[in-house]
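# Close look at the chain arrangement
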There are 2 protein chains.
Amino acid sequence: MSDQPLAGRTVVDLTTALAGPYATLLLAGLGATVIKVENPATGGDSSRNNAPYAGGDGLSLSRQGPDDMSVSMLARGRNKLSVTLNLKDERSHRVFADLVRDADILVENYSPGVTGRLGIDYAAVHALNPRLVYTSITGFGSQGGPGSGKAMDSIIQALSGVMLTAGEPDEGPVRFGLPVGDMLAPLFAVVGTLSALMQADQSGEGQHVDVSMLGALTSLVACEPFDAFAAVGMEQRTGAMVPRLAPFGILPTADGHLALSAPTDAFAHGVLRAIGRPDLTEDTRFHTRDQRVRNADEIHALIREWTSARTTEEALRLFTAEGVPAAEVRDPRDAVRDPLVRAREEVVPVIHPVHGTVEGLATTGIPIRFSAARAGFDRPAPALGEHNDEVYRNKLGYSADDIAELAAASVI
Amino acid sequence: MSDQPLAGRTVVDLTTALAGPYATLLLAGLGATVIKVENPATGGDSSRNNAPYAGGDGLSLSRQGPDDMSVSMLARGRNKLSVTLNLKDERSHRVFADLVRDADILVENYSPGVTGRLGIDYAAVHALNPRLVYTSITGFGSQGGPGSGKAMDSIIQALSGVMLTAGEPDEGPVRFGLPVGDMLAPLFAVVGTLSALMQADQSGEGQHVDVSMLGALTSLVACEPFDAFAAVGMEQRTGAMVPRLAPFGILPTADGHLALSAPTDAFAHGVLRAIGRPDLTEDTRFHTRDQRVRNADEIHALIREWTSARTTEEALRLFTAEGVPAAEVRDPRDAVRDPLVRAREEVVPVIHPVHGTVEGLATTGIPIRFSAARAGFDRPAPALGEHNDEVYRNKLGYSADDIAELAAASVI
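Keep in mind it's a predicted model, so treat the numbers as computed, not measured. (Residues numbered from 1 in each chain as written. Chains lettered and ligands numbered in written order. Predicted model: local features only at pLDDT ≥ 70, side-chain atom pairs only at ≥ 80, totals over all residues. Heavy atoms only, no water.)

## Observations regarding the overall build of chain A
For chain A, the count of helices and strands is 17 helices and 15 strands. Counting only C-alpha atoms and orienting by the principal axes, one finds that chain A spans roughly 85 × 50 × 40 Å. Within chain A, buried positions represent 60% of all 412 residues. In chain A, of all internal contacts separated by at least 6 residues, the share reaching a separation of at least 24 is 67%. (Helix = DSSP H or I, 4+ residues; strand = E, 2+ residues; numbered from the N terminus. Buried < 20%, exposed > 50% of the residue type's maximum accessible area, 1.4 Å probe, protein only. Contact = heavy atoms within 4.5 Å.)

Written out as structure tokens, the structure is:
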């Protein structure tokens, strides 16, 4: 489909779990042909065995039937072709060579050293296809990491410093429920892959793109100058409220919470009018920002008393009427139902390949709107090896006998 | 410099504050020529007036001298050329047209509707340069948003659901100190921009790329199937510990905290050996995952008692010796000093254009390593309008008189 930005580009996808598959999901949603290579000996991508599962009878904690597919795979497998190939079997080498020879991109998230042992590291693949962009996503970088070298999301969160950017100053670290340790690296990996691809389009030479989960997340943490803030006494870890921007923070309402962001005089005065205290806009405790910062606890207490006695809806209506930035703190399950986000297809329904739309379930779209291109997902996740024929026969030109022989030998 | 992935590409950068400038910072670090257009009437990008400042006497809360530059600008301005141009002045139109006529990319993060009023919206620019990729970063999308329409980071965090993915189930929402509401959209904007640029390289036609802060962050939240977890009773918001993966979570030590991630039998048994209780690996309370999940509080209490009596270093040494994934929970200020992250230039020193390296300060690098390209920053942030001559005279061919006249009229 020529109106997709990456139409005509082929990706050999050796990734499993979350970080790698999310990178190739974005490439697939942008129109690349992603060939997901899965090991038939292990049942393919480990995400196929993540609870919960969706099938004919809805959601369940364990597989109920042969059609059941993990919700992880339903999301991450979209628009990908699945082929089986056991890269640990030497007889896979010629198949692998045929796959990468005409590809534009390879993405892998093996632990460092594994691709070397399998004979499919950058040097080996570059020899087969010098034009190919070879992207690695690892915990600490291709050179390997410290300790056990295991790079689970929470390990990366801990090391990156993010866990101590949230929470009250006297409390322990905060574990994020959104796996930011896993999910930043794939975004940078896609940026790096597309950049290298543009370079290859001009030079004819591919290269190795090496992105680390720790480096990606820490680089984002480093965008906030925590050192500089500390040096001049600007406390950053202040919990729900931010005294130096008062009125600013998260406030309880009668039926939930709202976020209020009113650091300027205009916004702050709007807040005071909204809570029925226009008299306080001229008060020497609250008139200027410096005054409000000095009396932050007092102004926050006044506002909290008012919000606590009102529903979120009512409080927001009155703040909004005064032009004050404020919003409901939504549960993730409500957030993914936002009509605007749905209309823009930033979040989309989950489609089961056999049973269709999975009621009440949503997943990520491509949060980029193009005026002259299509992006997004129109094919559901594949069964393991579903596209062996399409890829091995139609793309690589293998004969039916050849394919049957590879299958009989458990190579595919 | 031909070994940079985006060498030869020119970006007209109309952004201010954080989300937009971070997008163009990434493009600059990848080798694009970024021309930052700043309004001389307002003193340029608002980030120039963010405390703290760095100068000859180090860091301070307010400007101490004419050389002082905000830490925000020192970070976000790197590798960008600064020109002044007052887009509200009609006489700026021909200058703007000259700037975009040969550019490859334009990035803007005005509120919806502003570019239309200024006569520089996508339609207007497309008419001047049909090949150009025009990227907009807004709070809710180019069509505009709800409420006050103001899209501060905390407003986006609140609406996206992230604030309720962290924290204990009986506590209020958690405000992240890392501005994820601001910082995801630029990453998707760069992905979209590069994708559209590749399409334009083939078709000769640019397009509008429209990324929303709310959509970008919500799409990431939607990668975790909170609906599905809830439907099968898998609680996601469990605070520091995750009972369904026990042993898993954040544990106090004698001098800090560590993250432990040991959901498999092998890892869990390693934990029990590390804490000197190899006998418990065969215990029917802790042998299998199901048993550990049922007795999560008990196994977590056992481990917590042990970690609390040991330094982080000692506990990690013993966990690592058993191959168990565990890591120190680091403060952001320690995290950005990680020698590996520094060696990979994922975090880099801050350089002041006059006073050189700012002692003790670090900022984001480009967290992508290319084997055959250079990425990163070799030029410090510019003063306001520092490159007027370089751009207006050398690139656009304006005469000295012409430039003097524009300056005298306060157009530049």
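## Regarding the sheet that holds strand β10 (residues 248-252) of chain A
Residue and element names in this part refer to chain A. The strand order β10-β11-β12 describes an open sheet built from three strands, whose pairing is antiparallel. If you trace the sheet from one side to the other, it starts and ends with β10 and β12 (326-328), each paired once. Adjacent strand axes in the sheet meet at a mean angle of 20°, parallel and antiparallel pairs treated alike. Note: β10 against strand β11 (residues 257-261), five bridges, orientation antiparallel. The partner of Leu 251 across the bridge, within β11, is Leu 258. (Pairing = 2+ DSSP bridges. Axes fitted to C-alpha atoms, helices over the stretch in contact; angles between N-to-C directions.)

## A few points about the interface of chain A and chain B
Contact residues are listed per partner, giving 129 residues for chain A and 129 residues for chain B. Together, the buried faces of chain A and chain B total about 10500 Å²; carbon and sulfur atoms form 70% of this surface. Of all residues in chain A, Arg175(A), Leu178(A) and Met198(A) give up the largest surface area on contact with chain B, accounting jointly for 7% of the area buried on that side. The residue Asp210(A) makes a salt bridge to Arg344(B) at a minimum N-O spacing of 3.1 Å. For the side of chain A that touches chain B, the element with the most residues is helix α7 (residues 180-203) of chain A, which contributes 15 residues. When the residues that make up the side of chain A that touches chain B are grouped by side-chain class, the tally is 76 nonpolar, 36 polar and 17 charged. The pairing of strand β15 (residues 369-370) of chain A with strand β9 (residues 208-212) of chain B spans two bridges and is classified as antiparallel. (Buried area = accessible area lost by both parts, 1.4 Å probe. Salt bridge = Lys/Arg side-chain N within 4 Å of Asp/Glu carboxyl O. Nonpolar A, V, L, I, M, F, W, Y, C, P; charged D, E, K, R; others polar.)

## What to know about the domain arrangement of chain A
For chain A, the domain assignment lists domain 1 (10-220 + 339-408) and domain 2 (243-252 + 257-328). The C-alpha-based centres of domain 1 of chain A and domain 2 of chain A are spaced at 45 Å. (Domains from an automatic or database assignment.)

## With respect to the side chain of Thr10(A)
All names here are of chain A. Within the element layout of this structure, Thr 10 appears in strand β1 (residues 10-13). Overall, the relative accessible area of 17% leaves Thr 10 in the buried class. Once you skip the residues sitting within four places of it in the chain, Thr 10 turns out to touch Thr 33, Ile 35, Ala 103, Asp 104 and Ile 105.

## With respect to the packing of helix α6 (residues 153-160) of chain B against helix α8 (residues 213-221) of chain B
Residue and element names in this part refer to chain B. The contact between α6 and α8 brings their axes to 9 Å, and the two run at 40°. Between α6 and α8, the interaxial angle falls into the category oblique. When you trace α6 past α8, the crossing you get is right-handed. Each of Ile 156, Gln 157, Leu 159 and Ser 160 in α6 lies in contact with α8, whose residues at this interface are Met 213, Leu 214, Leu 217, Thr 218 and Val 221. Of the residues assigned to the contact of α6 with α8, the class counts are six nonpolar, three polar and no charged. (Parallel < 35°, antiparallel > 145°, perpendicular 65-115°, else oblique. Left-handed = near helix turned anticlockwise from the far one by under 90°.)

## Looking at a negative patch on the surface
Taken together, the side chains of Glu168(A), Asp170(A), Glu171(A), Asp170(B) and Glu171(B) present a region of like negative charge at the surface. Topologically, Glu168(A) is positioned in the loop between α6 (153-160) and α7. (Patch = residues over 30% accessible without salt bridge, like charges linked within 9 Å, V, L, I, M, F, W, Y side chains within 5 Å. Areas by Shrake-Rupley, 256 points an atom, 1.4 Å probe, with all protein chains shown as cover. Lys, Arg positive; Asp, Glu negative; His and termini not counted. Charge placed at Lys NZ, Arg CZ, Asp CG, Glu CD.)

## Some remarks on the relation of the copies chain A and chain B
Rotating chain A by 180° and moving it 0.0 Å along the rotation axis overlays it on chain B with an RMSD of 0.0 Å. Such a combination of turn and shift is consistent with a two-fold rotation axis. Relative to the rotation axis, the closest C-alpha in chain A is found at Val191(A), a distance of 2.8 Å. Both copies present the same face, since 100% of the interface residues in chain A are matched by interface residues at the equivalent positions in chain B. (Least-squares fit on C-alpha atoms with pLDDT ≥ 70 in both.)

## Observations regarding the sheet that holds strand β5 (residues 69-70) of chain A
The strands making up a sheet associate through hydrogen bonds between their backbones, and the pairing can be parallel or antiparallel. Residue and element names in this part refer to chain A. Here three strands make up an open sheet; going across it, the order is β4-β3-β5 and the pairing antiparallel. The two strands at the open ends of the sheet, each matched to only one other strand, are β4 (58-60) and β5. Taken together, the two bridges between strand β3 (residues 53-55) and β5 define a ladder with antiparallel strand orientation. Its bridge partner lying in β5, Tyr 53 is registered against Ser 70.

## What about the packing of aromatic side chains?
What characterises a pair of aromatic rings is the spacing of the ring centres plus the angle enclosed by the ring planes. Tallying each qualifying case throughout the model produces seven aromatic pairs over all chains. Ring geometry for Tyr122(B) and Tyr134(B): centres 5.7 Å apart, planes at 70°, overall edge-to-face. Within this pair, whereas Tyr122(B) is found in helix α5 (residues 122-128), its partner Tyr134(B) is found in strand β8 (residues 133-138), the two being separated by twelve residues in sequence. In this pair, the class of Tyr122(B) matches that of Tyr134(B), namely buried. Each ring, one from Tyr392(B) and one from Tyr398(B), has its centre 5.9 Å from the other, and the planes form 10°; the classification is stacked. A relative accessible area of 0% means that Tyr392(B) is categorised as buried. Residue class for Tyr398(B) comes out buried when judged on its relative accessible area of 6%. Sitting over the ring of Tyr398(A), Arg94(A) keeps its end group 5.2 Å from the ring centre. (Phe/Tyr/Trp six-rings, centres within 6.5 Å; stacked < 30°, edge-to-face > 60°. Lys NZ or Arg CZ within 6 Å of the ring centre and 35° of its normal.)

## Focus: the nonpolar core
Nonpolar side chains in soluble globular proteins tend to end up buried together. Tyr22(A), Leu27(A), Phe188(A), Tyr22(B) and Phe188(B) are the most contacted members of the largest nonpolar core, which has 118 residues in total. In contact with Tyr22(B), other than residues within four places in its own chain, are Phe188(A), Leu220(A), Cys223(A), Met183(B), Pro186(B), Leu187(B) and Thr364(B). (Core = buried A, V, L, I, M, F, W, Y, C linked by side-chain atoms within 4.5 Å.)

## Observations concerning the pairing of β1(A)
Residue and element names in this part refer to chain A. Here β1 shows two buried faces, one formed by Thr 10 and Val 12 and the other by Val 11 and Asp 13. Crossover handedness for the path β1 to helix α1 (residues 19-29) to strand β2 (residues 33-38): right-handed. As defined by bridge partners, β1 adjoins strand β7 (residues 105-108) across three bridges and the pair is classed as parallel. Counterpart to Val 11 in the pairing with β7 is Ile 105. (Right-handed = clockwise from strand over helix to strand, strands pointing away.)

## Quick notes on the pattern of salt bridges
All names here are of chain A. Under the criterion given, the structure shown has 44 salt bridges over all chains. When the shortest N-O distance is used, the salt bridge between Asp 3 and Arg 374 registers 3.5 Å. On the criterion of sequence distance, the pair formed by Asp 3 in the segment before β1 and Arg 374 in the loop between β15 and α16 (388-395) is long-range, its members being 371 residues apart. Relative accessible area serves as the criterion here: at 32%, Asp 3 is assigned to the partly exposed category. We note a salt bridge from Glu 38 to Arg 48, for which the minimum N-O separation is 2.7 Å. Placement of Glu 38 in strand β2 and of Arg 48 in the loop between β2 and β3 is noted, with a sequence separation of ten residues between them. Considered together, Glu 38 and Arg 48 belong to a single accessibility category, that of buried residues. What emerges from the salt-bridge pattern is a single network uniting Asp 3, Arg 374 and Asp 378.

## Some remarks on empty space enclosed by the protein
For the structure shown, the criterion picks out five cavities of 30 Å³ or more. In this structure, the largest cavity occupies an estimated 110 Å³ of space. Taken together, 15 residues make up the lining of the largest cavity; nearest its centre are Ser72(A), Ala75(A), Arg76(A), Thr363(A) and Cys223(B). At the level of elements, α1, α2 (71-76) and β14 (356-364) of chain A are the ones that each hand at least two residues to the lining of the largest cavity. By residue class, the composition of the lining of the largest cavity is eleven nonpolar, three polar and one charged. Considered as a void within the structure, the second largest cavity measures approximately 70 Å³ in volume. (1 Å grid on protein atoms, 1.4 Å probe; cavity = no way out; pocket = protein on both sides within 12 Å on 5 of 7 lines; lining within 4 Å. Points joined across faces, edges and corners; volume = space filled by probe spheres on them.)

## Quick look at helix α12 (residues 296-308) of chain A
Residues that lie three or four places apart on an α-helix share one face, since the helix turns once every 3.6 residues. Residues and elements named next belong to chain A. Between the first and last C-alpha of α12 there are 18 Å, a value that for 13 residues agrees with the 18 Å anticipated at 1.5 Å per step. Among all positions of α12, only Ala 296, Ile 299, His 300, Ile 303, Trp 306 and Thr 307 are buried. An end-on view of α12 places all buried positions within 125° of arc, on one side of the element. In α12, the exposed residues that point more than 90 degrees away from the buried face are Asp 297 and Glu 305. Residues of α12 that are buried in the fold lie against β10, β11, α10 (265-274), α11 (289-294) and α13 (312-321). (Expected span 1.5 Å × (residues − 1). Arc of directions from axis to C-beta.)

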